[in-house]
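# Examination of the molecular architecture
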Amino acid sequence: MRNIFIAGNWKMNKDASQTQQFCTQLESHLQERDFGRVKAIVAPVHPFLAAAEGILRSAGVAAQDVSAHPQGAFTGEVSASQLASLGISHCIIGHSERRQYHGESDELVREKLLRLRENRIIPIVCIGETLLQREDGQTREVVLAQLEGCFEGVELASGEEVLIAYEPVWAIGTGKTATSAQAQEVHAEIRAWLKERYGEELAQKMHILYGGSAKPENIGELLEQPDIDGGLIGGASLQIESFCAMLDIALQNGGN
Ligand code: 13P
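Bear in mind that the values here come from a model prediction, so they are computed numbers and not experimental data. (Residues numbered from 1 in each chain as written. Predicted model: local features only at pLDDT ≥ 70, side-chain atom pairs only at ≥ 80, totals over all residues. Heavy atoms only, no water.)

## A word on the layout of surface pockets
When its volume is computed, the largest pocket comes out at roughly 500 Å³. In terms of lining, the largest pocket is formed by 20 residues, of which the most central are Met12, Gln64, Asp65, Arg98 and His102. Looking at which element gives the most residues to the lining of the largest pocket, the answer is helix H4 (residues 96–102), with four residues. Its residues placed into classes, the lining of the largest pocket shows eight nonpolar, seven polar and five charged. Roughly 250 Å³ of volume is contained in the second largest pocket. Taken together, 19 residues make up the lining of the second largest pocket; nearest its centre are Gly173, Ser213, Gly234, Gly235 and Ala236. Of the residues contributing to the lining of the second largest pocket, the split by class is seven nonpolar, nine polar and three charged. (1 Å grid on protein atoms, 1.4 Å probe; cavity = no way out; pocket = protein on both sides within 12 Å on 5 of 7 lines; lining within 4 Å. Points joined across faces, edges and corners; volume = space filled by probe spheres on them. Helix = DSSP H or I, 4+ residues; strand = E, 2+ residues; numbered from the N terminus. Nonpolar A, V, L, I, M, F, W, Y, C, P; charged D, E, K, R; others polar.)

Put into structure tokens, the structure is as follows:
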């Protein structure tokens, strides 16, 4: 049976003390009861990863990006091995904001995925179509092309070494959530692609998260869908109350 991930992508929000406060409160919430299959992850900015990692015992800590280079003269970049040396468990790659504002391609995302795998960090690979692409009826084609590019030549052994996040660009930060039916339709396409690429057993073990204006009010309905295995949440992950509310809803949704 798959886990349910509630992952907070904090983007460029929270300073050092806010990060510390949130993590302390989250850790105490997670210790209040057994969350079973529900797994919490938070993704602070790079400078505060160590502090988050030092506080959180019951949640994973994710970086928001990683360099495609293993080491060397790349000012401002952070390597996968440096993240691994901090004990970081996960790393978001290919987020639409990086694709849009930093011109990141599927080939680059694939390189980052490989660096993370070499360092045993679980990549959270983001894919998703723009509004224009959806309106043109290209959603399936776009998403599958992104998967082809990001996973080209990537071998998986258990299916648990990678998470996929379907984040329709038009739903990110806009308040427009994909309906649970719209999200499920694409998640099912993604799982069908995974089955073809990696076989039925691995495809069934792989986790596909939804992202795009997910919040306590809609996360329950999203998680009820058979191919939605969690959420990658931006805005609604910033307040401890709403993040914990989503964890509690996930738990009620059959997390244990
Ligand atoms: P919002 O939840 O703010 O729409 O952001 C989603 C996202 O981009 C998570 O990576």
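The rest of the description comes next.
## Observations regarding the site of the ligand
The environment of the ligand is formed by 13 residues, the closest being Lys11, His95, Gly173, Ser213 and Gly235. Between the ligand and Asn9 there is a distance of 3.0 Å, counted from an oxygen atom to a side-chain nitrogen or oxygen. The contact in question runs from an oxygen atom of the ligand to an N or O atom on the backbone of Gly234, over 2.9 Å. When the ligand is considered free in solution it has 310 Å² of accessible area, and contact with the protein chains removes 95% of it. (Near = heavy atom within 4 Å. Polar contact = N/O pair within 3.5 Å; in protein donor to acceptor, adjacent residues only side chain to side chain. Areas by Shrake-Rupley, 256 points an atom, 1.4 Å probe, with all protein chains shown as cover.)

## Quick word on the side chain of Asp229
Relative to the assigned elements, Asp229 resides in the loop between helix H10 (216–223) and strand S8 (230–233). Among the polar contacts made by the side chain of Asp229, one reaches the side chain of Arg2 at a distance of 2.8 Å. When residues no more than four places from it in sequence are discounted, the contact partners of Asp229 are Arg2, Asn3, Ile4, Phe5, Arg191, Met206, His207, Ile208, Leu209 and Leu223. (Contact = heavy atoms within 4.5 Å.)

These results come straight from atomic positions and should not be treated as a statement about function.
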